[in-house]
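What follows is each chain in one-letter form.
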Amino acid sequence: MSDAAAADLLGRAKSGEREAFEQLIGPLIEPGYHIAFGIMRDRYEAEDAVQEAALTAWRKIGQLREESSVRSWFFKIVVNRSRMQRRGAWHSVIRLPDLDVVGRWNEERTTRTLDLTAAVRELAENDRLLLFLHYGLDLPLQEVAPVVGLSPAGTKTRLYRVLKRLRPVLAESEGSIPWK
Amino acid sequence: MEIGPDKPALRDALYEGFEPPSAELRERVLASLPVAAAPAPSLVAHIIHWLQAHWPALTLGGGGAVAVAVVISVILNQSAPSPPPTIEVYAAYADTIRSGAPAAPPPSPWMGSPGVAFVGVGPDFDAGAIRIENRSGTSVTIDRVTVDSGGQRFDIWQPGLKIAPHSTLILTQTAVLSRAPLTTNFDTSEANPSGCQPAGAIPIVHVSVNGTVRSYRDVNRVLNTGGLDAGNCGGAESHGWERLPA
């Protein structure tokens, strides 16, 4: 979608046109769910949080600044909503059946993933969120920044530190892990 | 120097244990949005502009103009309340597995009836039930339904349930806590005081639509089976639909 088309869509959504709002927010529902699930680890809670977030977005889209990223704005609402209703922390539960799912990969990668999983689980929640937004959802850092509440430069610095912390886990099989 | 990890491995770790959302999540979320348009975002801006254009002599700083505009917009919004939706609320009790007695049919309409959106889990039921009829020709989105009975608040249904025009929504147990004996998360008869004398208070059903909550009194105590736990007093608990007054 071109910038002009996106701006037009946002303008129509801000004027209360529901179809335009749905076109803007619809594609963000599933990634929003993943963010919420990462915070609450409960499917129903996560779906509830995304639903409430969409309702909040609908009510407040008039306050969204033209130059802001709709994705960042909506994901921030999802994060706030999820934290409000959170019952548990990120990765607070390891479910054995899920480990079987991991096992469809080759053994070396599975072992590495489990180590990484443990390491990721030990990170602070906001650091996991940062990683998830950037590596799980492929958001550029300038869009990650407002969601995690940091400046773009601060986000980059924080990401560097988090990756540095994880590096020993990844370094165990460094030969097969392409560090850029 | 920019560093980056093996993205697939990190992605696997980040998604560890994730459960996929419901297939219809997107449609459900979007359908749950209120039918009414979002509050006009530019109303305050329009009023500020109007004030500045028509009232230049008024010495209002930026903050003052905004404050005046907000007050006017609130008054305008309050002066045009949306009409209340045309809904009717009913209560019933479904007790389909009473031991020692033939299985009682659930109330009618029920799951699978024409025009019924059913929110509940079976196949066996020991639970109160709420039925909301949309008598209007437009969809109604129910923000939330809660039930107060026996000192407990039951808040077990997802918000934002949409009822199509001239259609029905039925809400009942959403979880089975044990199979034998059957225990559910909307067993409103269990909320009564112990004993076989009617002692339970009148249950109240709160239905929120468009931000307005209306309370419906279950004056005949259908939900709490007459104010006693009939299932433990030798009787069946099933009861057909009764309309609740607001």
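Residues numbered from 1 in each chain as written. Chains lettered and ligands numbered in written order. Predicted model: local features only at pLDDT ≥ 70, side-chain atom pairs only at ≥ 80, totals over all residues.

- By the naming in an unreviewed UniProt entry, chain A goes by RNA polymerase sigma factor and is assigned to Candidatus Dormiibacter inghamiae.
- The heading Sequence similarities (unreviewed entry) in the UniProt record of chain A holds the text "Belongs to the sigma-70 factor family. ECF subfamily." (UniProt positions renumbered as here; feature names shortened; annotations may be inferred.)

What about the overall build of chain A?
- The helix and strand tally for chain A stands at ten helices and zero strands.
- Here chain A holds 180 residues, and the buried ones make up 41% of them.
- Here the contacts in chain A between residues at least 6 apart in sequence split such that 62% fall between residues at least 24 apart. (Helix = DSSP H or I, 4+ residues; strand = E, 2+ residues; numbered from the N terminus. Buried ≥ 20, exposed ≤ 12 C-beta atoms within 10 Å, placed from the backbone. Contact = placed C-beta atoms within 7 Å.)

A closer look at the overall build of chain B
- Along its length, chain B carries four helices and twelve strands.
- A total of 246 residues make up chain B; the buried ones form 35% of that total.
- Counting contacts in chain B only where the partners sit at least 6 residues apart, residues at least 24 apart contribute 70% of the total.

What about the sheet that holds strand β1 (residues 87-95) of chain B?
Residues and elements named next belong to chain B.
- Spatially, the five strands line up as an open sheet ordered β2-β7-β3-β1-β12, and their pairing is mixed. The open sheet has two edge strands with one neighbour each: β2 (116-119) and β12 (239-243). Strand-to-strand twist across the sheet, computed as the mean angle between neighbouring axes with direction ignored, equals 20°.
- Judged from the three bridges that link them, β1 and β12 form a sheet pairing that is antiparallel. Residue pairing across strands places Tyr-90 opposite Arg-243, the latter belonging to β12. (Pairing = 2+ DSSP bridges. Axes fitted to C-alpha atoms, helices over the stretch in contact; angles between N-to-C directions.)

Here we look at the nonpolar core
- Ala-36, Val-50, Ala-54, Phe-74 and Val-78 of chain A are the most contacted members of the largest nonpolar core, which totals 53 residues.
- The element that contributes the greatest number of residues to this core is helix α4 (residues 43-60) of chain A, accounting for eight residues.
- Each of domain 1 (3-85) and domain 2 (96-176) of chain A accounts for three or more of the residues forming this core.
- Setting aside residues up to four positions removed in sequence, Phe-74 of chain A forms contacts with Ile-25, Leu-28, Gly-32, Ala-53 and Ala-57 of chain A.
- In terms of nonpolar packing, the next biggest core, distinct from the first, is built from 31 residues, Val-140, Val-145, Ile-163 and Phe-186 of chain B among them. (Core = buried A, V, L, I, M, F, W, Y, C linked by C-beta atoms within 7 Å. Domains from an automatic or database assignment.)

Notes on the packing of α4 of chain A against helix α5 (residues 70-85) of chain A
Residue and element names in this part refer to chain A.
- Where α4 contacts α5, the axes come no closer than 9 Å and their chain directions differ by 130°. Comparing their axes, α5 and α4 come out oblique. Note that α4 runs across α5; the crossing there is right-handed. Across the interface between the two elements, Glu-45, Ala-49, Val-50, Glu-52, Ala-53, Thr-56 and Ala-57 from α4 touch Phe-74, Ile-77, Val-78, Arg-81, Ser-82 and Gln-85 from α5.
- By residue class, the composition of the contact of α4 with α5 is seven nonpolar, three polar and three charged. (Parallel < 35°, antiparallel > 145°, perpendicular 65-115°, else oblique. Left-handed = near helix turned anticlockwise from the far one by under 90°. Nonpolar A, V, L, I, M, F, W, Y, C, P; charged D, E, K, R; others polar.)

Brief notes about the environment of Asp-127 of chain A
Residues and elements named next belong to chain A.
- Looking at the secondary structure, you find Asp-127 in helix α8 (residues 125-136).
- Classification of Asp-127 as buried rests on a count of 20 C-beta atoms within 10 Å.
- Between the C-alpha atoms of Asp-127 and Val-162, which are 35 residues apart in sequence, the distance is 6.8 Å.

Overview of the environment of Arg-161 of chain A
- By secondary structure assignment, the location of Arg-161 of chain A is in helix α10 (residues 152-171).
- By C-beta crowding, Arg-161 of chain A is classed as exposed, having 11 other C-beta atoms within 10 Å.

Some remarks on the confidence of the model for chain A
All names here are of chain A.
- With 77% of its residues at a pLDDT of 70 or more, chain A shows a mean pLDDT of 79.
- No element of chain A has a lower mean pLDDT than helix α6 (residues 96-102), at 33, and none a higher one than helix α9 (residues 141-148), at 94.
- Low pLDDT, under 50, characterises residues 88-110; the predicted model gives this stretch 25 contacts beyond four residues in sequence or across chains. (pLDDT = per-residue confidence, 0-100.)

Details of the packing of helix α1 (residues 3-14) of chain A against helix α2 (residues 18-25) of chain A
All names here are of chain A.
- Where α1 meets α2, the axes come as close as 7 Å, and the angle between the chain directions of the two elements is 125°. The orientation of α1 relative to α2 falls into the category oblique. At the point where α1 passes α2, the crossing takes the left-handed sense. Between α1 and α2, the residues in contact are Leu-9, Leu-10, Arg-12 and Ala-13 and Ala-20, Phe-21, Gln-23 and Leu-24, respectively.
- Of the residues in the contact of α1 with α2, the class split is six nonpolar, one polar and one charged.

Digging into unusual backbone geometry
- Cis geometry is found at the peptide bond from Ser-108 of chain B to Pro-109 of chain B, where omega equals 5°.
- Tracing the chain through its elements places Pro-109 of chain B in the loop between β1 and β2.
- With omega at 5°, the peptide bond leading from Gly-122 of chain B into Pro-123 of chain B counts as cis.
- By the element assignment, Pro-123 of chain B lies in the loop between β2 and β3 (126-134).
- Positive phi is not limited to glycine here, since Arg-41 of chain A has a value of about 55°.
- Structurally, Arg-41 of chain A is set in the loop between α3 (29-40) and α4.

A look at the confidence of the model for chain B
Residues and elements named next belong to chain B.
- Looking at chain B as a whole, the pLDDT averages 77, with 66% of positions reaching at least 70.
- Ignoring residues within four places in sequence, the model shows residues 79-83, a span with pLDDT below 50, making two contacts including any to other chains.
- For this predicted complex, the interface score ipTM comes out at 0.76, while the overall pTM is 0.49.

Description of the environment of Phe-186 of chain B
- With respect to the element layout, Phe-186 of chain B can be found in the loop between β9 (182-184) and β10 (204-209).
- Sequence-distant contacts of Phe-186 of chain B, that is, excluding residues within four places in its chain, are made with Ala-127, Gly-128, Phe-154, Ile-156, Thr-172 and Gln-173 of chain B.

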